[in-house]
Amino acid sequence: MKMIDLHCDTMSELAKRGLGFDNEITAVSQNQVAAAGFSAYAQCFALFVEEDDDIAAAIKWNEYERVFHRQLVKYQDRMLLAASYKELVDAVQEGRIAALLTCENASAFGGNLARIEMMKKRGCIMASLTWNGRNSLAGGASAQEYGLSEFGKKAVAEMERCRMLVDISHLSDRATEDFFQIAIRPFVASHSNCRSLCRHPRNLPDEYISEIIQRRGLIGINFFKGFLCSGEDKTAGFSEIGDHIEHLLKLGGSEVIALGSDYDGAEVPSEIGGIGQIEALYTYLTDRIGRALTEKVFFMNADAFFQQNL
């Protein structure tokens, strides 16, 4: 089984709790990965900064980034930084985790365009423009009245110049529409589901999904129960994950569907409470949509996208 996951918050949790990757607590850990038995595994480790203030966010990012790189050194026999597609392939061929560094909330740019290139050179391959609130770049899902700021537009242009992928998960609708007007390169919604199935502002309406399909981007299916079905339904599980995947397929998204688990950042179905249980989802989807499409969702679509855009 091969897997590329576009989003987890594990490294941020390790930093907050003072844990190492060999812990027994996080949903993504050394033991969980071993239990999954992957033949190939690439993981986007998002460093999540909750702060929307530029200075505070930049300081927090620097702190979390140091933790991330310490983990890479300490567990170098098990994981390798993949800041390019070649490095992703090298890690997989060596039987190590391909660790892709990403940013959740580009307030981590510190309001400084020069930090974008600096972060990219240090391995950050992708950044979401916001979290849920409003920062100096744009409005998030809980700040729908705000679009892209002038700094946000300049930041998008600089990210594209540096070949840092733009992640539109968490972005407000108004900001997303502003982004569509200026984006040139393919982009990602790393951990967002379908709003027509679950009416949450963090999910994507069909017209945004169609835009991503047209522009050959990626959409990572989020395992968070609150984005799988509406209300406080705690029974969300494999069936709902399958529903969102099938909806994307009906919209013509067979080449853009991927996984964006949100492990260690959200409450996920108990059947896949840790990545060590992920084979159960693979088996379920194989039975429901077939092996060929399941392998696209789990690995091939994201692999092809990274090959073209990293």
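Colleague: If you had to explain the packing of aromatic side chains to someone new, which residues and values would you point to?
Modeller: A ring pair, where both rings are aromatic, is described by two values, the distance of the centres and the angle of the planes. Scanning the entire structure with this criterion turns up 14 aromatic pairs. Between the aromatic rings of F179 and F187, the centroid separation amounts to 4.9 Å while the plane-to-plane angle is 85°, which identifies the pairing as edge-to-face. Three or more aromatic residues joined by ring pairs form one cluster here, namely F21, F45, F68 and Y75. Lying across the ring of Y146, R134 places its NZ or CZ 3.9 Å from the centre.

Colleague: Outline the pairing of strand 4 (residues 97-104), listing residues and values.
Modeller: Among the eight residues in strand 4, eight count as buried, and that is most of the element. Across seven bridges, the pairing between strand 2 (residues 40-48) and strand 4 is parallel. Bridging from a neighbouring strand, A42 pairs with A98 of strand 4. Strand direction decides the pairing type here: strand 3 (residues 79-81) and strand 4, joined by three bridges, are parallel.

Colleague: So what about helix 11 (residues 278-289)? Which residues, and what values?
Modeller: Along its twelve residues, helix 11 runs 16 Å from first to last C-alpha, staying within 8% of the 16 Å computed at 1.5 Å per residue. Those residues of helix 11 that sit buried are I278, L281, Y282, L285, T286 and I289. Taken down its axis, helix 11 places every buried residue within 135° of arc, on the same side. Tucked inside the fold, the buried residues of helix 11 contact strand 1 (2-8), helix 2 (30-36), helix 10 (238-250) and helix 12 (291-309).

Colleague: Give me unusual backbone geometry: which residues, what numbers.
Modeller: Glycine aside, residues mostly have negative phi, and peptide bonds are mostly found in the trans state. Not every positive phi belongs to a glycine, and R163 is a case in point at roughly 60°. Within the fold, R163 resides in the loop between helix 6 (150-162) and strand 6 (165-167). Despite not being glycine, D264 shows a phi value in the positive range, around 65°. Positionally, D264 belongs in the loop between strand 9 (257-259) and helix 11.

Colleague: Describe the packing of helix 1 (residues 10-17) against helix 3 (residues 54-74), naming the residues involved and giving the relevant values.
Modeller: Viewed as axis vectors pointing N to C, helix 1 and helix 3 meet at an angle of 100°, and their least axial separation amounts to 9 Å. The angle between the axes of helix 1 and helix 3 places the two elements in the roughly perpendicular class. Across the interface between the two elements, M11, S12, L14, A15 and K16 of helix 1 pack against Y64, V67, F68 and Q71 of helix 3. When grouped by side-chain class, the residues that make up the contact of helix 1 with helix 3 number six nonpolar, two polar and one charged.

Colleague: If you had to explain the side chain of D54 to someone new, which residues and values would you point to?
Modeller: Tracing the chain through its elements places D54 in helix 3. Buried and unpaired, D54 has R115 as its nearest opposite-charge partner, separated by 8.8 Å. When residues no more than four places from it in sequence are discounted, the contact partners of D54 are S107, G110, G111 and S136.

Colleague: Go over the packing of helix 10 against helix 11 with me, naming the residues and quoting the values.
Modeller: Between helix 10 and helix 11, whose axes approach to 11 Å, the crossing angle comes to 50°. On the basis of the axis angle, helix 10 is oblique to helix 11. Note that helix 10 runs across helix 11; the crossing there is right-handed. Across the interface between the two elements, F238, S239, I241, G242, D243, I245, E246 and L249 of helix 10 pack against A280, L281, Y284, L285, R288 and I289 of helix 11. Within the contact of helix 10 with helix 11, the residues separate by chemical class into nine nonpolar, two polar and three charged.

Colleague: So what's going on with helix 5 (residues 114-121)? Residues and values would help.
Modeller: Working note: α-helix, 3.6 residues per turn, so residues spaced by three or four point in the same direction. Turning to helix 5, its buried residues are R115, I116, M119 and K120. All buried residues of helix 5 project into a common sector of 135° when viewed along the axis, lining one side. Away from its buried face by more than 90 degrees, helix 5 exposes A114 and K121. The positive-phi residue at the C-terminal boundary of helix 5 is G123, with phi of around 115°.

Cut-offs applied
Residues numbered from 1 in each chain as written. Predicted model: local features only at pLDDT ≥ 70, side-chain atom pairs only at ≥ 80, totals over all residues. Heavy atoms only, no water. Phe/Tyr/Trp six-rings, centres within 6.5 Å; stacked < 30°, edge-to-face > 60°. Lys NZ or Arg CZ within 6 Å of the ring centre and 35° of its normal. Buried < 20%, exposed > 50% of the residue type's maximum accessible area, 1.4 Å probe, protein only. Helix = DSSP H or I, 4+ residues; strand = E, 2+ residues; numbered from the N terminus. Pairing = 2+ DSSP bridges. Expected span 1.5 Å × (residues − 1). Arc of directions from axis to C-beta. Contact = heavy atoms within 4.5 Å. Axes fitted to C-alpha atoms, helices over the stretch in contact; angles between N-to-C directions. Parallel < 35°, antiparallel > 145°, perpendicular 65-115°, else oblique. Nonpolar A, V, L, I, M, F, W, Y, C, P; charged D, E, K, R; others polar. Lys, Arg positive; Asp, Glu negative; His and termini not counted. Salt bridge = Lys/Arg side-chain N within 4 Å of Asp/Glu carboxyl O. Left-handed = near helix turned anticlockwise from the far one by under 90°.

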